[in-house]
Amino acid sequence: KEEKKKRNLTMPTFPALKNDLLLRAARGEQVERTPVWAMRQAGRYLPEFRESRKKGDFFTLCRTPELACEVTLQPLERFELDAAIIFSDILVVPQALGMTVEMLEAKGPHFPTPLNTPEDLQKLNPAVDVDAALGYVFDAITLTRQRLDGRVPLIGFCGGPWTLMAYMIEGGGSKFFSKAKGWLYAHPEESLQLLNMIADVSIRYLVGQVKAGAQMLQVFESWAGELSPAQFDQFCLPVLTRIATSVRTQLKDAGIDPPPMVLFPKGATYAISAAAKVYDVVQVDWTVDPAHARELAGNSVVLQGNLDPCALYGPPHVIEAEVKKMLQGFGTRRHIANLGHGMHPTHDPERLKVFVDAVHKISEEMNKSADTA
């Protein structure tokens, strides 16, 4: 209780940041080279991560600050990344709401008791004490910031409400999302009730992450592409907007400068324009041409992405050529390099090194050419 009280009253102090490329790029400032990180950069493709997994199951790693910190830092020991992202999972929010979530080997997330009817909403606990339920994430963030020693910024995150709703109703991943989408048609009011319930907890969760030390926030609306543009506008956009505005407001009221906020509406090219009006950075996947993404987002918003993760199965010269095309498409201003989705368990770590090094080398060369032109 004493520790929780302390977390609420004071923000920890951390070493000065040595590499602020990510944060400067997220603010739209000129940078000497394009910053780069990779979604799921801490994961099963790393042998050292697989060794860490022997210390406990997936959620044990998430719930143990020392282990979460350990795996968060692993990719930074291998690659010249410009950011760390805290090791956790988007499904800790449904867990905080009272649902049981298991991570099954080779199958992924599983909800033994999903939401079957709107009456099941009564089983959820929207008034959950987020500090008590998710304090282990905050502790992991604070510990990781200290261990980073200012090397790079630390990113916090949560899942988008629609994505979490889909998991909670489907009971796991799905090919068609027929149960979750069926709710939107059969139970629109209850769907909005659930989405807002998730958003309320997510807002408190993200604010807590910043207070614990997160320097950028990303919202993963991973299943946005399953929605029509009209459904996205009706069900998704309002809660995503409320998350961004409420997080900023609550942080300002607490005397804290809000960090850059990123939205990833995966598979929903139509959502880029709307996302760019609310979020500082919009992550795009590999199905979007960079020039088209810029046209949709406008010139004042930062874009993040978008190399196809499968490009990392190619030889080094192919990866470098793809990176060059990507950087030429986005330019070296208002862009953060990333993959269009996460690392795969079967990726060779050396291929990620090729990607990271190529982004730095090629973007530096592009900037020098522009300076001498």
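Everything here concerns the structure above.
Attention here is on the structure that accompanies the text. Since the model is a prediction, treat every value here as computed from it, not as a measurement.

Glancing now at the overall build of the chain. Assigned secondary structure in the chain consists of 15 helices and nine strands. Rg of the C-alpha trace for the chain: 20 Å, near the compact-globule value of 21 Å for 373 residues, within the 12% margin. Structurally, the chain occupies a C-alpha span of about 65 × 45 × 45 Å along its principal axes. Counting over 373 residues, the chain shows a buried share of 57%. Put simply, 75% of the contacts in the chain that link residues at least 6 apart link residues at least 24 apart. Side-chain charges of the chain comprise 41 positive and 44 negative groups, with the mean position of each set lying 2 Å from the other.

Turning next to the packing of helix H9 (residues 178-186) against helix H10 (residues 188-212). Across the interface, H9 lies against H10 with an axial gap of 5 Å and an inter-helix angle of 120 degrees. Considering their axes alone, H9 and H10 lie oblique with respect to each other. Contact with H9, carried on its side by Trp183, Leu184, Tyr185 and Ala186, involves Pro188, Ser191 and Leu194 of H10 and no other residues of that element. A class-by-class count of the residues in the contact of H9 with H10 yields six nonpolar, one polar and no charged.

This structure, assessed with the given rule, holds 19 salt bridges. The residue Arg33 makes a salt bridge to Asp82 at a minimum N-O spacing of 3.4 Å. Here the residue Arg33 occupies a position in the loop between helix H2 (21-26) and helix H3 (47-53), and Asp82 occupies one in the loop between helix H5 (65-78) and strand S1 (84-85), the gap between them amounting to 49 residues. Given a relative accessible area of 21%, Arg33 falls into the partly exposed group. Glu66 is paired through a salt bridge with Arg147; the nearest N and O atoms lie 2.9 Å apart. With Glu66 in helix H5 and Arg147 in helix H7 (residues 130-148), this pair connects stretches of sequence that are 81 residues apart. The exposure class of Glu66 is partly exposed, given its relative accessible area of 41%.

Moving on, we get to the packing of helix H14 (residues 316-330) against helix H15 (residues 349-372). Pairs of packed helices are described in terms of their axes, by the angle between the two and the distance that separates them. Relative orientation of the contacting elements H14 and H15 amounts to 45 degrees, with a least axis distance of 9 Å. One finds that H14 runs oblique with respect to H15. In terms of crossing hand, the pair formed by H14 and H15 is right-handed. In this structure, H14 contributes Pro316, Ile319, Glu320, Val323, Lys324, Met326, Leu327 and Gln328 to the contact, and H15 contributes Arg351, Val354, Phe355, Ala358, Val359, Ile362, Ser363 and Met366.

Definitions and limits used
Residues numbered from 1 in each chain as written. Predicted model: local features only at pLDDT ≥ 70, side-chain atom pairs only at ≥ 80, totals over all residues. Heavy atoms only, no water. Helix = DSSP H or I, 4+ residues; strand = E, 2+ residues; numbered from the N terminus. Rg over C-alpha atoms; globule rule 2.2 N^0.38 Å. Buried < 20%, exposed > 50% of the residue type's maximum accessible area, 1.4 Å probe, protein only. Contact = heavy atoms within 4.5 Å. Lys, Arg positive; Asp, Glu negative; His and termini not counted. Charge placed at Lys NZ, Arg CZ, Asp CG, Glu CD. Axes fitted to C-alpha atoms, helices over the stretch in contact; angles between N-to-C directions. Parallel < 35°, antiparallel > 145°, perpendicular 65-115°, else oblique. Nonpolar A, V, L, I, M, F, W, Y, C, P; charged D, E, K, R; others polar. Salt bridge = Lys/Arg side-chain N within 4 Å of Asp/Glu carboxyl O. Left-handed = near helix turned anticlockwise from the far one by under 90°.

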